[in-house]
Amino acid sequence: MTLQGKVALVAGATRGAGRGIAVELGAAGATVYVTGRTTRAHQSEYARPETIEETAELVSAQGGHGIAVQVDHLVAEDVRKLVDRIRAEQGRLDVLVNDIWGGEKLFEWNKPVEHYRLSPFYDLAKVSVTRMAWAHAKDLAPHGATSISLTPGWLRSEMMLEAFGVTEDNWRDATAKVPHFVISETPRFIGRAVAALAADPDRSRWNGQSLSSGGLAQVYGFTDLDGSRPDAWRYVPEVQDAGKPADATGYR
C-alpha cells in the first residue's frame, strides 16, 4: 500500500479514528494535512489533551509528511483558507477524509425510542453519512473520483479507553465489566482500511457503498496492530445481539 507522492487531507484528525487514519496514510508515504480545533496553544470545548500537532508528528514519524492546520470546519472562511493553502502548496488533493464528529456530548442513550442504536440522534447521524456518501458518489463518478462511507467496529479511541478506565496497553481489563469489548479495535485499523482503499487502482468498485474496517481487512489482507482482524459487524449480530457469551474466537 504505497501512497508516495500523494496528498491527503484528514479533517478532524486530532484524535480517534481521524488520528489513526492520518497516521496510516503517513505510513504509506503520503503528505497529510491534519485539521482540528485543538492545538498546543488552544483547546476546544472538549478540553482534551490531544492536539493536531501531535497527530502531524505521528504522521511524520511513520514516514509521511504531517502538516497541522487549525480549522473549525463550521466556519466557511477557515475551510476556504485551508483549500487555498493546499492548492498553493501542493497543486492538488488526492485523498479527502471527513472524520468530523463532535457529537459525544449531544446524545443520550436508552431513550424511549426503540431501535438498533439505542439513540435516535446517534442512529440518524450515522445513516445520514452513508446517504451523503452515496449522493457524492453520483456527483463524482463522472470525474473519476470515488466516494464511500466507512465505519470502524468498536473503536478503542482515547475517549473510549478513558471512559472504561484503561489504556491501550491493558485494554482487555475492561472486558471484566464490558465483555463484548473483546472485539474492539485500534484507530489504526480503520486507518489501514483507508490507506488500502486509497492505494487500490480499482477502488471505483466501491463507489457509493457503506464499508467497514473489518470487512475491508478480509479483502485487502491488512491487520490491526496486534496482527488480528477484528470483524465487529459480523460479531455483533452473531454473538452480542444473539445473547451469547463474549468470545471473539473466529472473529479476530
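The structure displayed is predicted, hence computed values, not measured ones. (Residues numbered from 1 in each chain as written. Predicted model: local features only at pLDDT ≥ 70, side-chain atom pairs only at ≥ 80, totals over all residues. Heavy atoms only, no water.)

Caption draft 1: Quick peek at the pattern of salt bridges. Here the structure, examined in full by the defined rule, presents 19 salt bridges. In this structure, Arg80 engages Asp84 in a salt bridge whose closest nitrogen and oxygen atoms are separated by 2.7 Å. Taken as a pair, Arg80 and Asp84 lie in helix H3 (residues 76–90) at a separation of four residues, close to a single helical turn. Counted as one network, the salt bridges with shared partners bring together Arg15, Arg48, Glu50 and Glu162. (Salt bridge = Lys/Arg side-chain N within 4 Å of Asp/Glu carboxyl O. Helix = DSSP H or I, 4+ residues; strand = E, 2+ residues; numbered from the N terminus.)

Caption draft 2: Region of interest: the packing of aromatic side chains. Summed over all chains, the structure comprises six aromatic pairs. An angle of 70° between the planes, with centres 6.4 Å apart, marks the rings of Trp154 and Phe164 as edge-to-face. Linking Trp154 in the loop between strand S5 (149–151) and helix H5 (158–163) with Phe164 in the loop between H5 and helix H6 (187–199), this pair joins segments that are ten residues apart in sequence. Note on Phe164: relative accessible area 26%, which makes it partly exposed. Connected via pairs of aromatic rings, a cluster forms that spans Trp154, Phe164, Trp171 and Phe181. Above the plane of the ring of Trp134 lies Arg131, whose end atom (NZ or CZ) is 4.1 Å from the centre. (Phe/Tyr/Trp six-rings, centres within 6.5 Å; stacked < 30°, edge-to-face > 60°. Buried < 20%, exposed > 50% of the residue type's maximum accessible area, 1.4 Å probe, protein only. Lys NZ or Arg CZ within 6 Å of the ring centre and 35° of its normal.)

Caption draft 3: Geometry of the pairing of strand S3 (residues 65–70). Pairing between strand S2 (residues 31–36) and S3: six bridges, direction parallel. Looking at the pairing, Val32 lines up with Gly66 of S3. Regarding topology, helix H2 (residues 52–61) serves as the crossover connection from S2 to the parallel S3, and that connection is right-handed. (Pairing = 2+ DSSP bridges. Right-handed = clockwise from strand over helix to strand, strands pointing away.)

Caption draft 4: Representation of the packing of helix H1 (residues 16–27) against H2 in the model. Two elements in contact, H1 and H2, have axes whose closest approach is 7 Å; the angle formed by their N-to-C orientations is 30°. With respect to H2, the axis of H1 lies roughly parallel. Once H1 is placed against H2, the crossing between them reads as right-handed. Here Arg19, Ala22, Val23 and Gly26 of H1 lie close against H2, whose contacting residues are Glu54, Thr55, Leu58 and Val59. (Axes fitted to C-alpha atoms, helices over the stretch in contact; angles between N-to-C directions. Parallel < 35°, antiparallel > 145°, perpendicular 65-115°, else oblique. Left-handed = near helix turned anticlockwise from the far one by under 90°. Contact = heavy atoms within 4.5 Å.)

Caption draft 5: Molecular detail of the pairing of strand S4 (residues 95–98). Here S4 shows a buried face lined by Val95 and Val97 and an unburied face lined by Leu96 and Asn98. In the sheet, strand S1 (residues 7–11) pairs with S4 via four bridges, with the strands oriented parallel. Bridging from a neighbouring strand, Ala8 pairs with Val95 of S4.

Caption draft 6: Quick look at the side chain of Arg48. With respect to the element layout, Arg48 can be found in the loop between S2 and H2. A polar contact of 2.8 Å, which involves the side chain of Arg48, links it to the side chain of Glu50. A polar contact of 2.9 Å, which involves the side chain of Arg48, links it to the side chain of Glu162. Here Arg48 is in contact with Arg15, Thr38, Gln43, Glu158, Met159 and Glu162, once residues within four sequence places are set aside. (Polar contact = N/O pair within 3.5 Å; in protein donor to acceptor, adjacent residues only side chain to side chain.)

Caption draft 7: Summary view of the sheet that holds S1. Overall, parallel pairing links the four strands, which are arranged S3-S2-S1-S4 in an open sheet. Across the chains shown, the open sheet's two edge strands, defined by having one partner strand only, are S3 and S4. Here the average twist between neighbouring strands, direction ignored, is 15°. Here H3 sits on the sheet in contact with S1, S2 and S3, set at roughly 165° to S2.

Caption draft 8: A look at the nonpolar core. By size, the foremost hydrophobic cluster in this structure holds 22 residues, and its most contacted members are Val10, Ile21, Ala22, Leu25, Val32 and Val34. Mapped onto this core, the elements with two or more residues apiece are S1, H1, S2, H2, S4 and H6. With residues up to four places along the chain from it excluded, the contact list for Val32 reads Ala8, Val10, Ala22, Leu25, Gly26, Val59, His65, Gly66 and Ile67. Formed by nine residues, the second largest nonpolar core is a distinct cluster that contains Ala196, Leu216, Ala217 and Phe222. (Core = buried A, V, L, I, M, F, W, Y, C linked by side-chain atoms within 4.5 Å.)

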